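Each chain, letter by letter, is given below.
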Amino acid sequence: DAKTTQPNSMESNEEEPVHLPCNHSTISGTDYIHWYRQLPSQGPEYVIHGLTSNVNNRMASLAIAEDRKSSTLILHRATLRDAAVYYCILGALGRGYALNFGKGTSLLVTP
Amino acid sequence: DTGVSQNPRHKITKRGQNVTFRCDPISEHNRLYWYRQTLGQGPEFLTYFQNEAQLEKSRLLSDRFSAERPKGSFSTLEIQRTEQGDSAMYLCASRSSGNQETQYFGPGTRLLVL
């Protein structure tokens, strides 16, 4: 499986934008880029996904580099409820598109 | 609430005992996944079902582990002769068919083996 690299942790102030980076230099042409997050004591939840073009939804934006070897999840205004572990995952055709989680980035949001 | 549910939420057992967890997916979802998560790590894939068929199992799933989805609806994960190393959060997720569909996770079952 193609792997992703994320910083272990990041910190942000409340109501400021947060840019969470992810490197995936071995991504294949058909791999989608997925972002999930996991709040404390909960199961992971979907945030956003994309293939080549930048994507926006009500939770976040996903900016994908032109060569697709990196991407950035953007939270436009961080709130305390956004404190979570954020996982950048490449969709794998095998295993029925099971998610290949790494360790993710632990985001701390301070008031 | 029509999300994914898991029972029990917590389980404490003694080493050597058998335990069984249940997952009820979102009703129209035909794909169901089991993952295991240990402290400080991301979830790891264990197995998945398409309807009632178990299509793939991870090497993490030793012969003490068995999963079923008898009618293509709910699923059970059984661990026989539990070991302390089995202590973890067991997560279930479901999704509809089609490529790259979103997976919806349950709250997990936290297992502690003493």
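What comes next is a walk through the structure. (Residues numbered from 1 in each chain as written. Chains lettered and ligands numbered in written order. Predicted model: local features only at pLDDT ≥ 70, side-chain atom pairs only at ≥ 80, totals over all residues. Heavy atoms only, no water.)

Its place among the elements puts Phe74 of chain B in the loop between β7 (65-68) and β8 (75-79). For Phe74 of chain B, the residues in contact, after removing those within four places along its chain, are Arg22, Cys23, Asp24, Pro25, Glu68 and Arg69 of chain B. (Helix = DSSP H or I, 4+ residues; strand = E, 2+ residues; numbered from the N terminus. Contact = heavy atoms within 4.5 Å.)

All right, on to the pattern of salt bridges then. Residues and elements named next belong to chain A. All told, the structure shown has 6 salt bridges over all chains when counted by the stated rule. Measuring nitrogen to oxygen at the nearest pair gives 3.5 Å for the salt bridge that ties Glu15 to Arg77. Placement of Glu15 in the loop between β1 (9-13) and β2 (18-23) and of Arg77 in the loop between β7 (70-75) and β8 (84-90) is noted, with a sequence separation of 62 residues between them. A relative accessible area of 52% places Glu15 in the exposed class. Relative accessible area serves as the criterion here: at 54%, Arg77 is assigned to the exposed category. Note that Arg37 and Asp82 form a salt bridge whose closest N and O atoms lie 2.8 Å from each other. Pair noted here: Arg37 is in strand β3 (residues 33-38) and Asp82 is in the loop between β7 and β8, with a separation of 45 residues, a long-range link. Arg37 gets classed as buried once you look at its relative accessible area, which sits at 10%. Residue Asp82 is classed as buried on the basis of its relative accessible area, which comes to 13%. Within the structure, one salt-bridge network assembled from shared partners comprises Arg37, Glu45 and Asp82. (Salt bridge = Lys/Arg side-chain N within 4 Å of Asp/Glu carboxyl O. Buried < 20%, exposed > 50% of the residue type's maximum accessible area, 1.4 Å probe, protein only.)

Okay, the interface of chain A and chain B next. Counting residues at the interface gives 21 residues for chain A, matched by 21 residues for chain B. Carbon and sulfur atoms make up 52% of the area that chain A and chain B hide from each other, which totals about 1700 Å². The interface formed by chain A and chain B includes 5 residue pairs in polar contact (both at pLDDT 80 or more). Of all the elements in the fold, those that place two or more residues in the side of chain A that touches chain B are β3 and β4 (45-50) of chain A. Residue contributions to the side of chain A that touches chain B peak at 3 residues, all from β3 of chain A. For the side of chain A that touches chain B, the per-class residue count stands at 9 nonpolar, 10 polar and 2 charged. (Buried area = accessible area lost by both parts, 1.4 Å probe. Polar contact = N/O pair within 3.5 Å; in protein donor to acceptor, adjacent residues only side chain to side chain. Nonpolar A, V, L, I, M, F, W, Y, C, P; charged D, E, K, R; others polar.)

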